[in-house]
Amino acid sequence: MQMNNQLQSQKSDLQNANVVLSDLTIRNQLIDVSLKELQNSTNEVVWESCGKAFMKVGSKQYTTKLEGEKKDNSNLINDVNKKKNYLETSINNTVDNMNKVLDRIEQAHQASA
């Protein structure tokens, strides 16, 4: 029972890690599109969304901010990938251990029959 609870918890954590990875990947793709548009633009300033308002920001300053966000996201992606690999290994080990326990129970049941 405890192994089953552990397995379900690990599967839930793995699903959450996959959602976070997907979200971060999409964010980085959006940042790439924005950076490309900024590189092709001749505008000195851009309008940055700030809640329900917009602020006038220098194009270079905004580019630097986006590059920083992308770097942070990439670091998070690396961290979440490590967690994902750990969870996948843990899930496989838990399933293997559960199968071993079930095999022992089946062998004990056959030996007593």
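Residues numbered from 1 in each chain as written. Predicted model: local features only at pLDDT ≥ 70, side-chain atom pairs only at ≥ 80, totals over all residues. Heavy atoms only, no water.

Colleague: Tell me about the overall build of the protein chain, and please be specific about residues and values.
Modeller: When helices and strands are counted, the protein chain shows two helices and two strands. Taking 13 Å as the expected radius of gyration for a compact globule of 113 residues, we find that the protein chain reaches 24 Å, considerably beyond that expectation. With the C-alpha coordinates of the protein chain rotated into their principal frame, the extents come out at 85 × 25 × 15 Å. By residue count, 20% of the 113 residues in the protein chain fall in the buried class. Considering only contacts in the protein chain between residues 6 or more positions apart, those separated by 24 or more positions represent 68%. Carbon and sulfur atoms form 51% of the exposed surface of the protein chain, whose accessible area is close to 8,700 Å². Between the centroid of the 14 positive side chains of the protein chain and the centroid of its 14 negative side chains there is a distance of 3 Å. (Helix = DSSP H or I, 4+ residues; strand = E, 2+ residues; numbered from the N terminus. Rg over C-alpha atoms; globule rule 2.2 N^0.38 Å. Buried < 20%, exposed > 50% of the residue type's maximum accessible area, 1.4 Å probe, protein only. Contact = heavy atoms within 4.5 Å. Areas by Shrake-Rupley, 256 points an atom, 1.4 Å probe, with all protein chains shown as cover. Lys, Arg positive; Asp, Glu negative; His and termini not counted. Charge placed at Lys NZ, Arg CZ, Asp CG, Glu CD.)

Colleague: So, the pairing of strand β2 (residues 53–58): which residues are in play, and what are the values?
Modeller: Here strand β1 (residues 45–50) runs beside β2; their pairing, made up of six bridges, is antiparallel. Across the sheet, V45 pairs through a bridge with G58, a residue of β2. (Pairing = 2+ DSSP bridges.)

Colleague: Outline a nonpolar patch on the surface, listing residues and values.
Modeller: A contiguous nonpolar patch, built from V101, L102 and I105 and spanning about 260 Å² of accessible area, is present on the exposed surface. Within the fold, V101 resides in helix α2 (residues 59–112). (Patch = residues over 30% accessible without salt bridge, like charges linked within 9 Å, V, L, I, M, F, W, Y side chains within 5 Å. Salt bridge = Lys/Arg side-chain N within 4 Å of Asp/Glu carboxyl O.)

Colleague: Please provide a residue-by-residue account of the pattern of salt bridges, values included.
Modeller: The tally for this structure, following the rule as stated, stands at three salt bridges. Two residues, D23 and R27, come together in a salt bridge whose shortest N-O distance is 3.0 Å. Separated by four residues within a single helix, D23 and R27 lie in helix α1 (residues 2–40), roughly one turn from each other. Overall, the relative accessible area of 35% leaves D23 in the partly exposed class. Residue K65 pairs with E48 through a salt bridge whose shortest N-O separation is 2.1 Å. Note that K65 is positioned in helix α2 and E48 in strand β1, a separation of 17 residues in sequence. A relative accessible area of 12% means that E48 is categorised as buried.

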